[in-house]
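# Inside the fold
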Amino acid sequence: MLAGFQQYGLQPGPLLFATNPQLVWGLIASLYIGNVMLLVLNLPLVGLWVRLLSIPRELLYAGIHNPPQGLDVLLGVAERIRNQRPDLWAKLRIVLVGSGSVKAALMERAAAAGLDHVVFAPEQPRELIPSLLASADASVVPLKVRRDTHTVPSKMFESLGAGKPVLVSLDGEAAEIARSSGGALVTPPEDATALADALARLMDGPSHAAAMGQAGKAFVAGEFNRDVLSRRFLDV
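In this report, the structure presented in the accompanying data block is examined. Note that the coordinates shown come from a computational prediction; the quantities given were computed from them, not determined experimentally.

### Some thoughts on the overall build of the chain
In terms of regular secondary structure, the chain is built from 13 helices and 6 strands. Counting over 236 residues, the chain shows a buried share of 36%. Put simply, 67% of the contacts in the chain that link residues at least 6 apart link residues at least 24 apart. Taken as a whole, the chain presents about 13,600 Å² of accessible surface, with 62% of it coming from carbon and sulfur.

What follows is the structure in structure tokens.
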């Protein structure tokens with residue numbers, strides 16, 4: 001605009017109000033009319049902008065719904081987030097994908113508690129799980145307290161390999177692997193308070209969560225891909 005003024009022999013500055021008042025006030029009027037028109041055009045779209053700004057953040061569990069998984073801890077997490085962090089609850093969805101013996105009871109408890117941001121989805125084909133994990137903001141791998149702490153749930157590696165941060169609620173060797181991955185936050189099993197705090201940290205720090213996701217993916221690719229595991233097995 002300044003270059004345009006100078007091109008036509010007009011000197012920008014306060015004196016322009018005195019030397020060319022018609023131009024200045026005409027410009028101000030045009031800007032005012034333009035802003036009014038933008039306001040009028042966008043008022044009908046307020047609902048759309050609100051929906052775009054409130055795209056939910058998704059925590060995903062994909063797997064069997066049986067007692068050893070301790071999925072009731074996720075309902076405890078949902079209740080704590082709803083009661084203590086309503087700002088986060090408004091944009092959070094906790095999605096449980098799969099089937100199992102406790103799914104009906106979990107659904108009943110969620111409905112009774114009014115946890116409308118907890119979504120239950122049916123079991124999906126195995127080949128779709130990686131894309132579901134990659135599309136979520138984070139995934140969760142919970143287990144109840146157990147005697148055998150040497151076994152590691154295979155879904156933990158798949159979740160880390162999806163390139164998104166993972167919340168791990170378990171102990172033993174699996175917890176040690178998750179900590180060393182750089183892609184997971186580890187909490188004690190069946191501790192809804194600790195898990196809710198970890199979830200809040202993830203959702204409040206998207207850049208750190210993204211870095212965790214990449215770290216976890218690199219860790220799995222470097223330490224637990226089939227070629228590496230085969231060579232380790234042959235070396236034993």
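What follows continues from the structure just given.
### Details of the sheet that holds strand E2 (residues 92-97)
Read from one edge of the open sheet, 6 strands run E3-E2-E1-E4-E5-E6, paired in parallel fashion. Looking at which strands have only one partner, the edges of the open sheet turn out to be strand E3 (118-121) and strand E6 (184-187). Strand-to-strand twist in this sheet, taken as the mean axis angle between neighbours without regard to direction, amounts to 20°. Pairing of strand E4 (residues 138-142) with strand E5 (residues 166-169), which is carried by 4 bridges, proceeds in the parallel orientation. In the sheet register, Val141 faces E5, and the bridge partner there is Val168. The strands touched by helix H11 (residues 192-204) are strand E1 (57-62), E2, E4, E5 and E6; relative to E6, the strand with the most contacts, the crossing angle is about 160°.

### Comments concerning the nonpolar core
Counting 33 residues, the largest nonpolar core has Val118 and Leu167 as its most contacted members. Counting residues per element, this core draws most heavily on H11, which supplies 8 residues. Once you skip the residues sitting within four places of it in the chain, Val118 turns out to touch Leu75, Ala78, Trp89, Ile94 and Leu96. Grouped together as the second largest cluster of nonpolar side chains are 14 residues, Met156, Leu160, Val168 and Ile177 included.

### Comments concerning a nonpolar patch on the surface
Together, Tyr32, Ile33, Val36, Met37 and Val40 make up an exposed nonpolar region whose accessible area comes to about 520 Å². By secondary structure assignment, the location of Tyr32 is in helix H3 (residues 21-42).

### Observations regarding the side chain of Arg57
For Arg57, the position within the fold is in strand E1. Of note is the side chain of Arg57, whose polar atom sits 3.3 Å from the side chain of Asp137. Here the side chain of Arg57 touches Met203 through a polar contact of 3.3 Å, landing on its backbone oxygen. Dropping the residues within four chain positions of it, Arg57 is found in contact with Lys91, Leu92, Arg93, Asp137, Met203 and Pro206.

### Things to note about the pairing of E6
Pairing of E5 with E6, which is carried by 4 bridges, proceeds in the parallel orientation. For Val166, the partnering residue across the bridge sits in E6 and is Ala184. Viewed along the sheet, the connection from E5 through helix H10 (residues 173-181) into E6 turns out right-handed.

### Some points on the environment of Ser101
Within the secondary structure, Ser101 is located in the loop between E2 and helix H7 (103-112). Judged by its relative accessible area of 57%, Ser101 is exposed. Linking Ser101 and Pro67, residues 34 residues apart in sequence, is a C-alpha distance of 7.6 Å. Residue contacts for Ser101: discarding those within four places in its chain leaves His65, Asn66 and Pro67.

### Things to note about helix H9 (residues 154-161)
When we look at burial in H9, the residues that qualify are Lys155, Met156, Ser159 and Leu160. The buried residues of H9 occupy one face: seen down the axis, they fall within an arc of 135°.

### Structural notes on the pattern of salt bridges
Under the defined criterion, the tally for this structure stands at 7 salt bridges. Note that Arg57 and Asp137 form a salt bridge whose closest N and O atoms lie 3.3 Å from each other. Residue Arg57 is found in strand E1, and its partner Asp137 is found in the loop between helix H8 (129-135) and E4; the two are separated by 80 residues along the sequence. For Arg57, a relative accessible area of 17% puts it in the buried group. One salt bridge in this structure joins Glu176 and Arg179, with 3.0 Å as the shortest N-O distance. Here Arg179 and Glu176 lie together in helix H10, a separation of 3 residues that amounts to about one turn. Residue Arg179 is classed as partly exposed on the basis of its relative accessible area, which comes to 48%.

Rules and cut-offs
Residue positions within a chain follow its written sequence, with the count starting from 1. The model is predicted, so local features are restricted to residues of pLDDT at least 70 and side-chain atom pairs to those at 80 or more, both for listing and for counting; the totals for chains, interfaces and linings are taken over all residues. Note that water and hydrogens are dropped before the side-chain values are worked out from all heavy atoms of the structure. Counting from the N terminus, the helices are DSSP H or I runs at least four residues long and the strands are E runs at least two residues long. Relative accessibility decides the category of a residue: with a 1.4 Å probe and only protein chains considered, values under 20% of the type maximum give buried, values over 50% give exposed, and everything between is partly exposed. Every residue pair with non-hydrogen atoms within 4.5 Å of one another is taken to be in contact. In these tables, accessible area is a Shrake-Rupley quantity obtained with a 1.4 Å probe, and a residue counts as shielded only by the protein chains included in the view. Strand pairing follows a simple DSSP-based rule, namely that at least 2 bridges must link the two strands. A fitted line through C-alpha atoms serves as each axis, taken over the contacting stretch for helices, and the angle formed by two N-to-C directions is quoted from 0 to 180°. Nonpolar cores are built from buried Ala, Val, Leu, Ile, Met, Phe, Trp, Tyr and Cys residues. Side-chain atoms within 4.5 Å join them into one set. Exposure above 30% relative accessible area and no salt bridge define the residues that can form patches, which grow by joining like charges within 9 Å and nonpolar side chains of Val, Leu, Ile, Met, Phe, Trp and Tyr within 5 Å. What makes a salt bridge here is a side-chain nitrogen of Lys or Arg within 4 Å of a carboxyl oxygen of Asp or Glu, nothing more. Polar contacts here mean pairs of N or O atoms no more than 3.5 Å apart (in protein, one a potential hydrogen donor and the other a potential acceptor; neighbouring residues in sequence count only if both atoms are side-chain atoms). With the strands pointing away from the viewer, any crossover whose connection runs clockwise from the first strand over the helix to the second is right-handed. By arc we mean the arc of the directions from the helix axis to the C-beta atoms, nothing more.

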